[in-house]
Amino acid sequence: MESWLLITNGTVVDGAANPPEPETDVLVRSNRIHSVERGIKEEHVRESIMARGDTLQVLDASRKTVMPGLIDAHCHLSFGHGQSQEEMDLYTGVELRTLRTAASAKSVLRAGVTSMSQPGSSYYIGVGVREAIKEGLVEGPRVFTAGRQMSTSNGIGDYYPDTVGVPDGSIGCLANTPDEMKREVRVQIKNGVDFIKMADSPFGEFQAFTGDEMKMVTELTQQMKRRVTIHARGNDETRAAVQAGVDWIMHSNIMDEQTAGEFGESGILLVPVLTLLANLSDFGEYVGVPPGLRDGCAGMMEASGESYQLARAAGVKFGVGSESGFAITPCGEWHARELQLLVEYAGLSTLEAIQAATQNVAMTVGLDGELGVIAEGMLADIIVVDGDPVRDVRVLQEKENIVAVIKDGDLVHFEDEVELRPFQPAQIYGTGGLLTFETVYGDVEHRAGGLDPLPWNGDDGKSLAGDIKQREKAAGTGVYAMGQSDASR
């Protein structure tokens, strides 16, 4: 006995950048698309196609868009919406973090993301939740996951002083020698990861892995039938990653013409992951992100636009990844913003942006050629959208517009969602700098009139905190560098 689903009268946007097909029907058999054409009648399906005992569900998509489920190639389910690096690495135990990961998975699916790639997971939580979703214990998208991101002492996985080291709960793991790198690849694969993530320098300041190290990690991982990716923001590490033959590259914010050209010739996928930077720079003021960090991210966005224009001209293929999982990009909220940003910064058309979020990134979840396109024989991950994302791709950002989610051929029914709160037990005594005598009472000239505290309000506090961060930036202090760490994944 098989289940059938008939989606009728929708405008099909197939995910392969073909023109939309209005008033088109999609027939699903079990978990595969059986046919895509106009005029499929329910009576004909029941009488001539279905076998006795099969079931049929009909979904009317009139005046709506039918398209592949979104694929987020950069989503950190297990990070728990952290507001600080310490929160993610130190303050949330594996037990609570696993439960919060399961809750986040449901939020991701509700946003129309039916598959996701996790390039960096706490412990092996990603592996566990992946299997729990397959078994039906947890509701969520298809999950393709790495373990902890592999970093040298100069990469983004080794944040703390050597006296602290890299804690077991850290989202990164340390590997400084070829033997350590090979061991980490083998251990992670033994523990069930789908791919390995290397983590180079935070903002592309330098190339942390040597070219030979990248090649060694890539060759060993691929030899063991797994895939490999890398966080590479700068020109040098991007070019080295291209030459190493990794499967896809994340960020590549800074590229010259030569690197872009080699990137295009390689056929390697680029996943820019702009949403975290954009949220920090555009919306950070709503949640207290310091002005210096907002300005730094805005500058990185501007440089990225120039690089991505070069990359597009060189024929680089783009993919969508949102870096959801931080407090500034909570799961279920901002996945589709990346499509808008690729239109604005890389010059993609809306159809190309949809393709970047569907067909192009199917390989980052191990299903290239099987997922991400509305076509006969493809896996039936489909969303029905109230609106026209080809005219305005921003309609995908509003969850209310995602009126139906079909994953693996099944229509998902959502109950009330759990609203996760940030988990921050750090003992913070203040965020506005030192409370000096002068801060309270003013300078000597002002104190001549007596020791009355200065007038104070919340706006003054925000201004002072912002000024302190700006001065820290100018001085190049470690405090500012640590404040930037959330934008470095």
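Criteria and cut-off values
The residue count restarts for each chain, going from 1 along the sequence in the order it is written. Per-residue local features are limited, in this predicted model, to residues with pLDDT of at least 70; the limit for side-chain atom pairs, both in listing and counting, is 80 or more; totals at the level of whole chains, interfaces and linings are taken over all residues. In computing side-chain properties, one takes all heavy atoms of the structure into account and sets aside hydrogens as well as water. Under the scheme used here, helices are H or I runs from DSSP no shorter than 4 residues and strands are E runs no shorter than 2 residues, and both carry numbers assigned from the N terminus. Each residue gets one of three labels from its accessible area relative to the maximum for its type: buried under 20%, exposed over 50%, partly exposed in between, using a 1.4 Å probe on protein chains only. Two residues qualify as a contact provided that any one of their heavy atoms is within 4.5 Å of a heavy atom in the partner residue. Only the protein chains shown count as cover for residues, with accessible areas throughout obtained via the Shrake-Rupley method and a probe of 1.4 Å. Here a strand pair is declared whenever DSSP counts at least two bridges between the two strands. Stacked, edge-to-face and tilted are the three classes for Phe, Tyr and Trp ring pairs, Trp counted by its six-membered ring, which pair at centre distances within 6.5 Å; planes under 30 degrees apart are stacked, over 60 edge-to-face, the rest tilted. Interaxial angle, 0 to 180 degrees, is taken between N-to-C directions of lines fitted to C-alpha atoms, where a helix line uses only the stretch in contact. Nitrogen and oxygen atoms within 3.5 Å of one another constitute a polar contact, given that in protein one can donate a hydrogen and the other can accept it, and given that sequence-neighbouring residues count only through two side-chain atoms. The set of buried Ala, Val, Leu, Ile, Met, Phe, Trp, Tyr and Cys residues whose side-chain atoms join them within 4.5 Å is what this entry labels a nonpolar core. Within a predicted model, pLDDT stands for the predictor's per-residue confidence, ranging from 0 to 100. Note on terminology: angles under 35 degrees are roughly parallel, angles over 145 are roughly antiparallel, angles of 65 to 115 are roughly perpendicular, and the others are oblique. Two helices that cross are described as forming a left-handed crossing if the nearer one is turned anticlockwise from the farther one by less than a right angle, and a right-handed crossing if clockwise.

### Focus on the overall build of the chain
When its secondary structure is counted, the chain shows 16 helices and 18 strands. Looking at the 489 residues of the chain, the share that counts as buried comes to 53%. Considering only contacts in the chain between residues 6 or more positions apart, those separated by 24 or more positions represent 70%. Only carbon and sulfur atoms are counted for the fraction: they give 48% of the accessible area of the chain, which is about 21200 Å².

### Topic: the environment of arginine 52
Here arginine 52 lies in the loop between α1 (42–49) and β4 (55–60). In this structure arginine 52 comes out as exposed when scored by relative accessible area, which is 87%. Taking the C-alpha atoms as reference points, arginine 52 and glutamate 2, 50 residues apart in sequence, are found 9.4 Å from one another.

### Observations concerning the sheet that holds strand β13 (residues 248–251)
Think of a sheet as strands paired side by side through backbone hydrogen bonds, with each pair either parallel or antiparallel. Reading across the sheet, the seven strands line up as β10-β9-β11-β12-β13-β14-β15 and stay open at both edges, with parallel pairing between neighbours. The sheet is open, and its two borders are formed by β10 (172–174) and β15 (317–318), each paired with just one other strand. Two strands pair when backbone bridges link them, and strand β9 (residues 149–151) and β10 are joined in this way by three bridges, in the parallel orientation. Paired with methionine 150 across the bridge in β10 is cysteine 173.

### Some details on the packing of aromatic side chains
Counted according to the given criterion, the structure contains six aromatic pairs. Here the aromatic rings of phenylalanine 79 and phenylalanine 326 are separated by 5.5 Å at their centres, their planes lie at 75°, and the arrangement is edge-to-face. One end of the pair, phenylalanine 79, is in the loop between β6 (70–72) and α2 (85–89); the other, phenylalanine 326, is in the loop between β15 and α11 (337–346), and 247 residues separate them in sequence. Its relative accessible area of 4% is what places phenylalanine 79 among the buried residues. With a centroid separation of 6.1 Å and an interplanar angle of 85°, the aromatic rings of tyrosine 308 and phenylalanine 318 are classed as edge-to-face. Note that tyrosine 308 is positioned in helix α10 (residues 291–313) and phenylalanine 318 in strand β15, a separation of 10 residues in sequence. Like phenylalanine 318, tyrosine 308 is buried.

### Description of the sheet that holds strand β7 (residues 113–118)
As summarised here, the arrangement of the three strands in space is β6-β7-β8, forming an open sheet in which the pairing is parallel. Two strands bound the open sheet, and with one partner strand each, they are β6 and β8 (142–145). If you compare each strand with its neighbour and ignore which way they point, the axes differ by 15° on average. Pairing of β6 with β7, which is carried by three bridges, proceeds in the parallel orientation. Within β7, the residue paired with isoleucine 71 across the bridge is serine 115. Where helix α4 (residues 125–135) meets the sheet, it contacts β7 and β8, and its direction lies at approximately 155° from that of β8.

### With respect to the side chain of histidine 74
Tracing the sequence through the fold places histidine 74 in the loop between β6 and α2. Judged by its relative accessible area of 0%, histidine 74 falls in the buried class. Here the side chain of histidine 74 touches histidine 76 through a polar contact of 3.1 Å, side chain to side chain.

### Observations concerning the nonpolar core
In this structure, Met150, Val217, Ile249, Leu339 and Leu396 are the most contacted members of the largest nonpolar core, which totals 89 residues. Looking at this core element by element, the count peaks at six residues for α10. With residues near it in sequence (within four places) discarded, isoleucine 249 still touches Thr229, Ile230, Ala232, Thr238, Ala241, Val242, Phe263, Ile268, Leu269, Leu270 and Val271. The next biggest cluster of nonpolar side chains, apart from the first, holds 17 residues, and it includes Ile71, Phe144, Ala146 and Met250.

### Section: the confidence of the model for the chain
Parts of the prediction with low pLDDT should not have their coordinates interpreted in detail. Chain-level statistics for the chain give a pLDDT mean of 90 and a share of 90% at 70 or above. Here residues 460–466 is a poorly scored stretch, pLDDT under 50, and it has eight contacts once near neighbours within four places are set aside; other chains count. Across residues 474–488, where pLDDT falls below 50, the model places 33 contacts with residues more than four positions away in sequence or in other chains.

### Describing the packing of helix α3 (residues 94–110) against α4
Two elements in contact, α3 and α4, have axes separated by 10 Å at closest approach and are oriented at 45°. Classed by the angle they form, the pair α3 and α4 counts as oblique. As α3 runs across α4, the sense of the crossing is right-handed. Facing Val94, Arg97, Thr98, Thr101 and Ala105 of α3, the residues of α4 in contact are Ile125, Val129 and Ile133.

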